Amino acid sequence: MLMTFYDDRLKAKLVAVAADIAVFRGWSEKTLEETAAKVGVPYGQAKSLFPRGGIDLARFYHQLKDQDFLNKFRKVEITNLSHFEKVEVAIKMRFQVIADDKEVFKSSMSLFAMPMYQLEAINLVWSTCDLIWCEIKDISIGFDWYTKRATLVSVYLSTLLFFLGDESADHRETEYFIVRRLQEVRKLGQLKVSFVEFIKKLMAATR
């Protein structure tokens, strides 16, 4: 089905309402039904926009947050920063966007931690990290293109686990953690993270 600008606006409206419901009930088919009723949209129409129900809602929520990040990041003057410094600013800002709706985000992570959705979770994280590299005008090709994104994914995933347990004011400890992880990258080169171990820790953190 060909999506229109109207469809995207309606999807954004539905996800905004669904996010408030999902904090208490999770991202599910029932959440989609309740969201459609609250927005005043026929359930069949909402279902056509989110065919898989909760997982499609959560997926679009993540994509909207990527766009929120881009809108904020593009207002920051980064011309005179190195690529490394630009990445630091970008990943900090991406987590600031998450922090604005932390409980909503945690509820989506509970869903993405389920076995049938884990591949989608890592694809979304990869997409976010690719977005960051593209936004700072990285022109790497071949193996360098892949390793830069894989390395940033490892930083993002480890930061995510730290962030979920961070109760410091304005999540300052998460920002310090990001700096430390990026410094490790600078010293050691590519970092690796076990996705299996990440999922285990994520499931424990979002219970």
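See above for the structure.
Throughout what follows, the structure given in this document is the object of discussion.

Here is what the cut-offs are and how they apply
Residues numbered from 1 in each chain as written. Predicted model: local features only at pLDDT ≥ 70, side-chain atom pairs only at ≥ 80, totals over all residues. Heavy atoms only, no water. Helix = DSSP H or I, 4+ residues; strand = E, 2+ residues; numbered from the N terminus. Buried < 20%, exposed > 50% of the residue type's maximum accessible area, 1.4 Å probe, protein only. Contact = heavy atoms within 4.5 Å. Areas by Shrake-Rupley, 256 points an atom, 1.4 Å probe, with all protein chains shown as cover. Salt bridge = Lys/Arg side-chain N within 4 Å of Asp/Glu carboxyl O. Core = buried A, V, L, I, M, F, W, Y, C linked by side-chain atoms within 4.5 Å.

When helices and strands are counted, the protein chain shows 10 helices and zero strands. Listing the helices and strands of the protein chain from first to last along the sequence gives α-α-α-α-α-α-α-α-α-α. Classification of the 207 residues of the protein chain by burial places 46% in the buried group. Residue pairs at least 24 apart in sequence account for 67% of intrachain contacts in the protein chain once pairs closer than 6 positions are excluded. When the accessible surface of the protein chain is totalled, it reaches about 11,100 Å², and 57% of it is carbon and sulfur.

Before going further, it helps to examine the environment of Met-109. Mapping Met-109 onto the fold places it in helix 6 (residues 102-112). Here the alpha-carbon distance between Met-109 and Gly-26, two residues 83 residues apart in the chain, equals 9.9 Å.

With that settled, consider the pattern of salt bridges. Tallied over the entire structure, the rule returns 16 salt bridges. Across the pair Arg-74 and Glu-135 runs a salt bridge, and its minimum N-O distance is 2.8 Å. With Arg-74 in the loop between helix 4 (54-73) and helix 5 (83-99) and Glu-135 in helix 7 (residues 118-135), this pair connects stretches of sequence that are 61 residues apart. Take Arg-74: its relative accessible area is 52%, and that puts it in the exposed class.

Of all hydrophobic cores here, the largest spans 54 residues; its most connected members are Trp-27, Phe-50, Phe-69, Ile-91, Phe-95 and Leu-152. Beyond its immediate chain neighbours, meaning those up to four positions away, Leu-152 contacts Val-87, Ile-91, Cys-129, Ile-132 and Trp-133.

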